There are 2 protein chains.
Amino acid sequence: MELPELLVIHPPPVFIIHQQQFSQKFKLLKAYESPLSTELFLQAHAQSTKALICYGKSPITSDILRRLPSLQLVVTGFNHIDLPECRRRCIAVANTADVFSEDTADIGVGLLIDLLRKISSGDRFVRSGIWPKSIRYPLGSRLGGKHVGIVGLGNIGLKVAKRLEAFGCKISYNSRQKKPVHYNFYPNVCELAFNCNILVICCTLTLETRHMIDKDVLKALGKDGILINIARGPIVDEKELVKFLVDGEIAGAGLDVFENEPKVPQELIELDNVVLTPHRAAFTKEAFRDAFQLVLANLEAFFLNKPLISPVID
Amino acid sequence: MELPELLVIHPPPVFIIHQQQFSQKFKLLKAYESPLSTELFLQAHAQSTKALICYGKSPITSDILRRLPSLQLVVTGFNHIDLPECRRRCIAVANTADVFSEDTADIGVGLLIDLLRKISSGDRFVRSGIWPKSIRYPLGSRLGGKHVGIVGLGNIGLKVAKRLEAFGCKISYNSRQKKPVHYNFYPNVCELAFNCNILVICCTLTLETRHMIDKDVLKALGKDGILINIARGPIVDEKELVKFLVDGEIAGAGLDVFENEPKVPQELIELDNVVLTPHRAAFTKEAFRDAFQLVLANLEAFFLNKPLISPVID
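If you're wondering where the values come from, they're calculated on a predicted model, not measured in any experiment.

### Quick look at the domain arrangement of chain A
- Looking at the assigned domains, one finds that chain A contains domain 1 (5-94 + 285-304) and domain 2 (100-276).
- Taken over C-alpha atoms, the centre of domain 1 of chain A sits 34 Å from the centre of domain 2 of chain A.

### What about the side chain of Asp 114 of chain A?
- In this fold, Asp 114 of chain A is placed in helix H6 (residues 101-117).
- For the buried Asp 114 of chain A, no salt bridge exists, and the shortest N-O distance to an oppositely charged side chain is 7.2 Å, to Arg 124 of chain A.
- If sequence neighbours within four positions are ignored, Asp 114 of chain A has contacts with Ile 119, Ser 120 and Val 275 of chain A together with Asp 114, Ile 119 and Ser 120 of chain B.

### Concerning unusual backbone geometry
- Of note, the amide linkage connecting Glu 261 of chain A to Pro 262 of chain A takes the cis form, showing an omega dihedral of 5 degrees.
- On the secondary structure map, Pro 262 of chain A appears in the loop between strand S11 (252-255) and helix H12 (266-269).
- Phi angles above zero are rare outside glycine, and His 279 of chain A is one such case at about 45 degrees.
- Positionally, His 279 of chain A belongs in the loop between strand S12 (274-276) and helix H13 (285-303).
- At Lys 118 of chain B, a residue that is not glycine, the phi angle is positive and equals roughly 55 degrees.
- Along the chain, Lys 118 of chain B falls in the loop between helix H6 (101-117) and helix H7 (119-127).
- What makes Lys 118 of chain B partly exposed here is its relative accessible area of 25%.

### Details of the interface of chain B and chain A
- On the side of chain A, 60 residues touch chain B, which itself brings 60 residues to the contact.
- It is Arg 127, Trp 131 and Arg 142 of chain B in chain B that bury the most area against chain A; as a group they hold 17% of the surface buried on that side.
- Taken together, chain B and chain A are joined by eight salt bridges.
- Taking the shortest distance from any N to any O, the salt bridge between Arg 142 of chain A and Asp 290 of chain B comes out at 2.9 Å.
- At the boundary of chain B with chain A, the tally comes to 35 residue pairs in polar contact (both at pLDDT 80 or more).

### So, the nonpolar core
- Ranked by size, the top nonpolar core spans 59 residues in total, and within it Ile 150 and Leu 164 of chain A together with Ile 150 and Leu 164 of chain B carry the most contacts.
- What Leu 164 of chain A contacts, discounting residues up to four positions off in sequence, is Val 109, Leu 112, Leu 143, Val 148, Cys 169 and Ile 171 of chain A.

### Some thoughts on the environment of Arg 142 of chain B
- As for its position among the elements, Arg 142 of chain B is in the loop between H7 and strand S6 (147-151).
- By relative accessible area, which is 12% here, Arg 142 of chain B ends up buried.
- Taking C-alpha positions, Arg 142 of chain B is 41 Å from Phe 15 of chain B, a pair spaced 127 residues apart along the chain.
- Other than its neighbours up to four places away in sequence, Arg 142 of chain B contacts Val 99, Asp 103, Thr 284, Glu 286, Ala 287, Arg 289 and Asp 290 of chain A together with Leu 116 of chain B.
- Only 3.3 Å separates the side chain of Arg 142 of chain B from the backbone oxygen of Val 99 of chain A, close enough to count as a polar contact.
- Within the local environment of Arg 142 of chain B, its side chain forms a polar contact with the side chain of Asp 103 of chain A, the two groups lying 3.1 Å apart.

### Some details on the pattern of salt bridges
- Evaluated as defined, the whole model comprises 38 salt bridges over all chains.
- With a closest N to O distance of 3.1 Å, Arg 142 of chain A and Asp 103 of chain B form a salt bridge. On the criterion of chain membership, the pair formed by Arg 142 of chain A in the loop between helix H7 (119-127) and strand S6 (147-151) and Asp 103 of chain B in helix H6 is interchain, its members lying in two chains. For the pair Arg 142 of chain A and Asp 103 of chain B, a shared accessibility class is recorded, and that class is buried.
- The partner of Glu 300 of chain B in a salt bridge is Lys 25 of chain B, with the nearest N and O atoms 3.4 Å apart. Taken as a pair, Glu 300 of chain B in helix H13 (residues 285-303) and Lys 25 of chain B in helix H2 (residues 19-25) lie far apart in primary sequence, 275 residues in all.
- Overlapping salt bridges, with partners in common, bring together Glu 39, Asp 63, Arg 66 and Arg 67 of chain A in one network.

### What to know about H7 of chain B
Residue and element names in this part refer to chain B.
- Burial runs high along H7: eight of the nine residues are buried.
- Ile 119, Ser 120, Ser 121, Gly 122, Asp 123, Phe 125, Val 126 and Arg 127 are the residues of H7 that are buried.
- Looking at the residues trailing H7, positive phi occurs at Gly 129, about 80 degrees.

Cut-offs used in this document
- Residues take numbers from 1 onward in each chain, read along the sequence in its written order.
- For naming, the first written chain is A and the first written ligand is 1, with later ones following in the order written.
- Residues qualify for local features only when their pLDDT is at least 70, as the model is predicted, and side-chain atom pairs are given and counted only at 80 or more; totals for whole chains, interfaces and linings, by contrast, use all residues.
- Where side-chain values are given, they derive from all heavy atoms of the structure, hydrogens and water being excluded.
- How far each domain reaches was decided by an automatic or database domain assignment.
- What counts as a helix is a DSSP run of H or I of at least four residues, what counts as a strand is a run of E of at least two, and both are numbered from the N terminus.
- Exposure classes here rest on a 1.4 Å probe applied to the protein chains alone. A residue is buried below 20% of its type maximum, exposed above 50%, and partly exposed in between.
- Here the positive residues are Lys and Arg and the negative ones are Asp and Glu; neither His nor the chain ends is included.
- Any Lys or Arg side-chain nitrogen found within 4 Å of a carboxyl oxygen on Asp or Glu counts as a salt bridge.
- Note on contacts: a residue pair is in contact if any heavy atoms of the two residues lie within 4.5 Å.
- A 1.4 Å probe defines the accessible area here, and the buried area is the portion of it lost by two parts on being joined, summed over both.
- By the criterion applied in these results, polar contacts are pairs of N or O atoms within 3.5 Å in which, for protein atoms, one can donate a hydrogen and the other can accept it, and in which residues neighboring in sequence qualify only through two side-chain atoms.
- Side-chain atoms within 4.5 Å are what join buried Ala, Val, Leu, Ile, Met, Phe, Trp, Tyr and Cys residues into a set we call a nonpolar core.

See below:
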């Protein structure tokens, strides 16, 4: 029996990790390994390609969709797809992003505790061997009682909020729309920042959210304020953030994402009041196992003409 | 009006931080600044000393109590006091330890997230400048779904449990006695370790708990197991722990305390799968502010012949 074809233009991390298992179930059309240009590769497989998997770093534009007239299914980890065009063409889309939301929320809380309680900097202090020579080490700050502003109360934001409530934090949020939750809603992110000790960025990157965390928001957050970004680097105006941190105009930042990652500004690397992780919010063994299973289940359902497991459009 | 006398044999951290405020309210008798030996200092103030403050590192033994015939009150952050002798002598004891339990629980959770999700090691990775040269970085492990064993389900242990439930962890515990909680009780710490992915040490250090986390417990915890110690260093047999970590016989450790702190074994410092903080679980500005207020409130109540605010014995 012939295996169904699966197009991979650029390999998502879940594909790289579980490649062997994918290759047992599908005939893989790997554009990224072909000597042909993507354009010619797509042309070569245009008539047969029914399903593709993709992720945020390789957007599925209307141009790509136009080159694939037989396409019926897109499976993705994130939303970088021309959805209106998929709808018009009756191409089904399945999303596996929610598999990653628990782990992303955990990193948000982890960065915040780390920063307030000086865990990474304490670890540097111990490893440097200074501890026996000096009992002086600055006090941290308590998480309980802090007023935390969640920017973007979607799947991830809600999970961050739930966790921080267990630590005794007060939660408020900013979102495009007011949600049916018991947290305080601020329609303006500056006002949210002004009223909170901590901002946790959990929204998606769009034209509207690019550089949403700007000079004004940072100023409103204030000298004792803390910024956590577990969403996307360009949501924050990084040049301004660096300036505010260097000048002590905000108290600290926990950053899993950067505007031009993997490049991280040298000024950030030299600061002690920041915690910097290499965009790994969603990267756990368990998340990739779950993502693999969900991608597979969607593809299998599609090729058996059954309903998708996690449809965005079906 | 003369200020009431307050004896300080060794200064607790809360006293060091709030010394000026204490000196406005009390005539301070500082044994540790006197050219006299402690013995002679106590002798000089034996008749007048009614109240003292102390902490874990300067135990109030029956010998000290014998030298202070007028003593009526001991205010302490921790329990290193000859309580039976205090009872016999009708010396009141006030404890401020609970002020620190929220912050200590937070550090326990922080160390655990840090370790599972590689926050400190990710921070080292980013600061080293390797990220742009290498996208390979090992996956972390999900906190949700893990089975966590709390060793010592007192004030701190309960708070760790409550927090970890919000992350989707399953909680079990070992304690001298079964408690009225919905968590699974294991009367034997080895059995707890065998059934859990993670052990969080939250018990007090006593003759019975010294080296309670020994070779057998670590073996039961197993290759994928993680140990968090936010209690006291000597509860863990550190030599064995180092051996298990170096040999990969357990997966990692988050340690705020060490057997001979501030000395930390060089082998630990060289490992990437440990997070090491300099015994700062309780050290936040807010905890010391609260501790100061509680110590002061107890002393003022005592000198006004009113009931103590946080009595252990009154």
